[in-house]
Amino acid sequence: MRNLFNQFLYYTKGEKAGIIILLTLSILIWVGSRAYPFIFHVVDTQKAEYEKELAEFAAKNPATKQNPVIDSMNVAGATETIIDTPKFKKQWKQKEEYFEFDPNKIGVPEWVRLGFSEKQAITIEHYKEKGGRFYRTEDLKKLYVMTDEHYEKLKPYVNIDVNSLPSRNGKKYRQPY
């Protein structure tokens, strides 16, 4: 047993030298890549040119002064884009229309009317096509596109027809009391 163990751990003189050389080169490359910006003082000229062009564009176009995306950018420092406009929220709330529904029976247009985007509605339909069913109202929380806030808004309108559901584990599903 010991002979078998030593056979896997034995290296020739050339293999040991190769391992030492590879480790040394790896460490030198890693240290060099970390130290390079400090030694040669690398300056990102493209970022400075981009910031200058952005400032000129914002100065020439008065419409950008009302744009929340351009206003949220700190042109002198790092750029940070935040798209969180009241106009967007207003459009989103106008799309929401609540009605009584069975999540197992509605399609993409109805999910969109309930306030989901078309892509989210298609995702829900894919879940149903793969065999996903909603047996209780709480099962809507399984959807990763469903936020807690949206679930609380939809909860009173969910009406699941238990009799039309397929059986679960060979037994007919009954709604718990």
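Residues numbered from 1 in each chain as written. Predicted model: local features only at pLDDT ≥ 70, side-chain atom pairs only at ≥ 80, totals over all residues. Heavy atoms only, no water.

## With respect to a nonpolar patch on the surface
Note the cut-off: Like charges are joined within 9 Å and nonpolar side chains (Val, Leu, Ile, Met, Phe, Trp, Tyr) within 5 Å, but only among residues with over 30% relative accessible area and no salt bridge; these make up the patches. The Shrake-Rupley method, run with a 1.4 Å probe sphere, supplies the accessible areas, and residue values consider only the shown protein chains as cover. For this analysis, a salt bridge means a side-chain nitrogen from Lys or Arg found within 4 Å of a carboxyl oxygen belonging to Asp or Glu. A run of DSSP states H or I qualifies as a helix once it reaches four residues; a run of E qualifies as a strand once it reaches two. Both are numbered from the N-terminal end.
A contiguous nonpolar surface patch, about 480 Å² in accessible area, is contributed by Leu4, Phe5, Phe8 and Leu9. Note that Phe5 resides in helix H1 (residues 2-9).

## Notes on the nonpolar core
Threshold: Put simply, buried Ala, Val, Leu, Ile, Met, Phe, Trp, Tyr and Cys residues joined by side-chain atoms within 4.5 Å make one nonpolar core. Buried, partly exposed and exposed residues are distinguished by accessible area as a fraction of the type maximum, computed with a 1.4 Å probe on protein chains only: under 20%, between the cut-offs, and over 50%, respectively. Contact definition: two residues touch when any of their heavy atoms are within 4.5 Å.
In terms of nonpolar packing, the biggest core is built from 19 residues, with Phe101, Trp111, Leu114, Phe116, Leu140, Leu143 and Met146 touching the most fellow members. If you list the elements that add at least two residues to this core, you get helix H7 (118-129) and helix H8 (148-154). Leaving out residues up to four positions away in the same chain, Leu114 has contacts with Glu96, Glu97, Tyr98, Phe99, Phe101, Ile106, His150 and Leu154.

## Some words on helix H3 (residues 45-60)
What counts here: Helix span is expected to be 1.5 Å times the residue number reduced by one. Our arc is simply the arc of the directions from the helix axis toward the C-beta atoms.
Compared with the 22 Å implied by 1.5 Å per residue over 16 residues, the 23 Å span of H3 between its first and last C-alpha is a close match. Every buried residue belonging to H3 is among Glu51, Leu54 and Ala58, and all of these are buried. Projected down its long axis, H3 shows its buried positions confined to an angular sector of 65°, all on one face. Away from its buried face by more than 90 degrees, H3 exposes Gln46, Lys52, Glu53, Ala59 and Lys60.

## Points about the side chain of Asn104
The test is simple: Polar contacts here mean pairs of N or O atoms no more than 3.5 Å apart (in protein, one a potential hydrogen donor and the other a potential acceptor; neighbouring residues in sequence count only if both atoms are side-chain atoms).
With respect to the helices and strands, Asn104 occurs in the loop between helix H5 (86-95) and helix H6 (108-113). Polar side-chain contacts of Asn104 include one of 2.8 Å to the backbone oxygen of Phe134.

## Structural notes on the packing of aromatic side chains
Spelled out, the test is: Geometry of aromatic contacts follows a simple scheme: Phe, Tyr and Trp rings, the Trp one being its six-membered ring, pair when their centres are within 6.5 Å, and the pair is stacked under 30 degrees between planes, edge-to-face over 60, tilted otherwise. Whether a charge sits over a ring depends on NZ of Lys or CZ of Arg being within 6 Å of the ring centre and within 35 degrees of the ring normal.
A complete count under the given rule lists 5 aromatic pairs for this structure. Between the aromatic rings of Trp111 and Phe116, the centroid separation amounts to 5.7 Å while the plane-to-plane angle is 75°, which identifies the pairing as edge-to-face. We note that Trp111, like Phe116, is buried. Both rings, one in Tyr127 and one in Phe134, keep their centres 5.6 Å apart while their planes meet at 50°; by these two values the pair is tilted. By relative accessible area, Phe134 is classed as buried at 0%. An aromatic cluster of at least three residues, connected via ring pairs, comprises Phe99, Phe101, Trp111 and Phe116. Positioned over the ring face of Phe99 is Arg113, at 4.2 Å from the centre of the ring.

## Some thoughts on the side chain of His150
Along the polypeptide, His150 turns up in helix H8. Beyond its immediate stretch of four places on either side in the chain, His150 contacts Leu114, Gly115 and Phe116.

## Looking at the pattern of salt bridges
This structure, assessed with the given rule, holds 5 salt bridges. One salt bridge connects Glu125 with Lys128, and the closest N-O pair in it is separated by 3.0 Å. On the criterion of helical spacing, the pair formed by Glu125 and Lys128 is a turn pair, its members being 3 residues apart in helix H7. According to the relative accessible area criterion, Glu125 is buried, its value standing at 15%. When the shortest N-O distance is used, the salt bridge between Arg136 and Asp139 registers 3.8 Å. When salt bridges that share partners are traced, they join Arg136, Glu138 and Asp139 into one network.

## Some thoughts on the confidence of the model for the chain
The criterion, for reference: Scored between 0 and 100, pLDDT is the confidence that the predictor attaches to each residue.
Summary statistics for the chain give a mean pLDDT of 75 and a share of 72% for residues scoring 70 or more. Predicted confidence is poor over residues 68-85, with pLDDT under 50, and the contacts of this stretch with residues over four places away or in other chains come to 25 contacts. Taken together, the stretch residues 87-94 has pLDDT below 50 and engages in 5 contacts with residues farther than four places along the chain or on a different chain.

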